[in-house]
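The primary structure of each chain is shown beneath.
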Amino acid sequence: MALVILAGGILTIFTMAVDIFPEVNIPVVGVVWSYSGMSAEEMNQRVLNVNQRVYTTTVNNIEHLESRAIKGVGIIKVFFQPGTDPDAGVAQLTAITATLIRAYPRALAPH
């Protein structure tokens, strides 16, 4: 009986899929803004909120946005619809960010 259980266990090990988690393909792009000395509240109001509004109206296939501001740094995560080409999203984000940056002080820069 023990030999049958052992043989069944070994057979299971060799026939089991290597990856038990499903493949998740959700493209995410992060935009990081830095301006040393700017408070988190100001970064959120003057930079992140404005950029998020513009991104939602000009960039295709956005599922949702998440942002976080800390002193001197603002981060926007742009989550695209599954299956979206992230390179196209990066190109659109780069183009619109290049336009937006003209309205900001020179010390404020995206990374």
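All values reported here derive from a predicted model rather than from experimental measurement.

Along the chain, the regular secondary structure elements total 3 helices and 4 strands. N-terminal to C-terminal, the α/β element order of the chain is α-β-α-β-β-α-β. Expressed as a percentage of its 111 residues, the buried residues of the chain come to 26%. Within the chain, residue pairs in contact and separated by at least 24 positions form 64% of the contacts whose partners lie at least 6 positions apart. Here the chain displays about 7,600 Å² of accessible surface, and carbon together with sulfur accounts for 61% of that area.

The end-to-end C-alpha distance of helix α3 (residues 86–100), which contains 15 residues, comes to 21 Å, matching closely the 21 Å that a straight helix rising 1.5 Å per residue would cover. Turning to α3, its buried residues number three or more, namely Gly89, Leu93, Ile96, Thr97 and Leu100. The arc that holds the buried residues of α3, viewed along the axis, is 105°, so those residues lie on one side.

Calculation notes
Residues numbered from 1 in each chain as written. Predicted model: local features only at pLDDT ≥ 70, side-chain atom pairs only at ≥ 80, totals over all residues. Heavy atoms only, no water. Helix = DSSP H or I, 4+ residues; strand = E, 2+ residues; numbered from the N terminus. Buried < 20%, exposed > 50% of the residue type's maximum accessible area, 1.4 Å probe, protein only. Contact = heavy atoms within 4.5 Å. Areas by Shrake-Rupley, 256 points an atom, 1.4 Å probe, with all protein chains shown as cover. Expected span 1.5 Å × (residues − 1). Arc of directions from axis to C-beta.

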